[in-house]
Amino acid sequence: MEEIIVFGHKSPDTDTICSSIVMADLQTKLRGKQVIPCRLGEINDETKYALNYFGAEVPKYIEKVEEGQVVILVDHNEFSQSVEGIENAKIDTVVDHHRINNFQTAEPLFYYAQPVGCTSTVLFELYTVNNIEIEPKMAGLMLSAIISDTLLLKSPTTTEKDIKAVKILAEIANVDVKTYGLDMLKAGTNLDKYTEKELLCLDAKKVEKENVKYVIAQVNTVFIPDVLKRKENIEKEINKEISEKGLSLFVFVITDIVNSNSEAIVLGERADAISKEYELNDNIAVMPGVVSRKKQILPLVEKNI
Ligand code: MN
Ligand code: MN
């Protein structure tokens, strides 16, 4: 019997991990055979907090997939963000909330995508459409994913569907959204324990477009100056990444989750992609009201590169 595995993107965030577990649960129920959640990297402290709180197991780590392996992708579609060997895997289903880029399959597939704040919001709808009851644990995981991706519904990526899903899921999971949400987000903001190199990888999106390669990495904090204390060493690591990977641009976004603002360290020959909009002072761009890489930073870079 062929095994089906589910996974999200590299540098996994809470949505990627929780949506993998939840999608595996949903698919196991729909198909009547075990579907296995997997991950492509270390889970962060925020995600650990959520899994621990709702008593969920950490998905199995995989490095690559064999040719013909049946896979389900959640929270991504771009091959540059996916598992090694994805080009030769059999992609059965995608559940996502990102643009479609660098994505191609040999065969027809299920593709569920919506321009909403979180993959779990799409999954929430899939349970409803398929008339499958949502267990409290799965509700808690979906709730955690939505809180994480929308920064407690404050990000401009937030839609009516996310708000509605959060309300219902919080009832099923029996938690207070604000209290739980802030505790979970704060659990992910202890950045002192990471090396500079690890900071850059915690939540990094690598994009390749028309031979231009760039990375937008993001970390959450409750106090931006705490992170900027390490600016010199962070810049050293960024410059290393730029030369090792042939990047044109590296944007390291530090987001204040309490006040919903960001500052970014911007390096690379195409730093102009950011500086056209935000003045760079000593490589730092101050971005008031910016919290979303996808909706606010990525489109700006795309436009200018
Ligand atoms: Mn994600
Ligand atoms: Mn997501």
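Residues numbered from 1 in each chain as written. Chains lettered and ligands numbered in written order. Predicted model: local features only at pLDDT ≥ 70, side-chain atom pairs only at ≥ 80, totals over all residues. Heavy atoms only, no water.

S.K.: Help me understand the coordination of the manganese ion (ligand 1) in this model?
M.R.: Ideal geometry at a metal centre gives angles of 109.5 degrees when four donors are arranged tetrahedrally and 90 or 180 degrees when six donors are arranged octahedrally. At the metal site, the manganese ion (ligand 1) is ligated by H9 (NE2), D13 (OD) and D75 (OD), and these contacts range over 2.1 to 2.3 Å. The sequence motif formed by the donor residues of the manganese ion (ligand 1) is H-x3-D-x61-D. The distance between the manganese ion (ligand 1) and the manganese ion (ligand 2) is 3.5 Å, with D75 acting as a donor to both metals. Within this pair, whereas D13 is found in the loop between β1 (4–7) and α1 (14–31), its partner D75 is found in the loop between β4 (70–74) and β5 (90–96), the two being separated by 62 residues in sequence. On the basis of relative accessibility, which here comes to 1%, the residue D75 falls in the buried class. (Donors = N, O, S within 2.8 Å, 3.2 Å for Na, K, Ca; no water. Helix = DSSP H or I, 4+ residues; strand = E, 2+ residues; numbered from the N terminus. Buried < 20%, exposed > 50% of the residue type's maximum accessible area, 1.4 Å probe, protein only.)

S.K.: Would you mind showing me how to read the pattern of salt bridges here?
M.R.: A side chain of one charge can pair with a side chain of the opposite charge if their charged atoms are brought near each other. Within the structure shown, the criterion is met by 20 salt bridges. Across the pair D226 and K229 runs a salt bridge whose closest N-O atoms are separated by 3.3 Å. The exposure class assigned to K229 is exposed, which follows from its relative accessible area of 68%. Close ionic contact of E237 with K240 constitutes a salt bridge, the shortest N to O distance being 3.2 Å. Here the residue E237 and the residue K240 both occupy positions in helix α9 (residues 231–245), the gap between them amounting to three residues, near one helical turn. Each of E78, R99, K209 and E302 takes part in one network of salt bridges that share partners. (Salt bridge = Lys/Arg side-chain N within 4 Å of Asp/Glu carboxyl O.)

S.K.: How should I be thinking about helix α6 (residues 177–187) in this particular structure?
M.R.: Within α6 the residues assigned to the buried category are V177, Y180, G181, M184 and L185. Within α6, the buried residues cover an arc of 125° as seen down the axis, which keeps them to one side. Looking at the buried residues of α6, the elements they touch are α2 (45–53), α4 (136–150) and α5 (160–173). (Arc of directions from axis to C-beta. Contact = heavy atoms within 4.5 Å.)

S.K.: Quick question: what am I supposed to make of the sheet that holds strand β3 (residues 60–61) here?
M.R.: To summarise the sheet geometry, strands pair through backbone hydrogen bonds and adopt either a parallel or an antiparallel arrangement. Pairing in this open sheet of six strands is parallel, and the strands run β3-β2-β1-β4-β5-β6 from one edge to the other. Sheet topology places β3 and β6 (110–113) at the edges, where each strand pairs with a single neighbour. In terms of strand pairing, β4 meets β5 through five bridges, oriented parallel. Bridge pairing in β5 places V71 opposite I91. Packed on one face of the sheet, α1 meets β1, β2 (35–39), β4 and β5 and runs near 170° to β2. Along the sheet, helix α3 (residues 119–129) contacts β4, β5 and β6; its crossing angle with β5, the most-contacted strand, is approximately 100°. (Pairing = 2+ DSSP bridges. Axes fitted to C-alpha atoms, helices over the stretch in contact; angles between N-to-C directions.)

S.K.: In this structure, what is going on with the domain arrangement of the protein chain? I would like to understand it.
M.R.: By a frequent convention, interface size equals the accessible area lost on bringing the separate parts together. What the domain assignment reports for the protein chain is domain 1 (4–187) and domain 2 (196–304). Just the C-alpha atoms count here: the centres of domain 1 and domain 2 sit 25 Å apart. Tallying the contact residues gives 20 residues for domain 1 and 22 residues for domain 2. For the pair domain 1 and domain 2, the summed buried surface comes to about 1,700 Å²; carbon and sulfur atoms form 53% of the total. The tally of links between domain 1 and domain 2 comes to one salt bridge. In this structure, E302 and R99 form a salt bridge, with 2.8 Å as the shortest nitrogen-oxygen distance. Where domain 1 meets domain 2, there are five residue pairs in polar contact (both at pLDDT 80 or more). (Domains from an automatic or database assignment. Buried area = accessible area lost by both parts, 1.4 Å probe. Polar contact = N/O pair within 3.5 Å; in protein donor to acceptor, adjacent residues only side chain to side chain.)

S.K.: Where do I start with the pairing of strand β10 (residues 261–267) in this structure?
M.R.: Regular strands place side chains that alternate from one sheet face to the opposite one. Across the seven residues that make up β10, a large majority, five, are buried. Bridge analysis of strand β9 (residues 249–256) against β10 gives seven bridges, and the strand direction is antiparallel. Looking at β10, one finds that V251 is bridged to V266. The pairing of β10 with strand β12 (residues 284–287) spans four bridges and is antiparallel. Counted as the bridge partner of A264 is A285 from β12.

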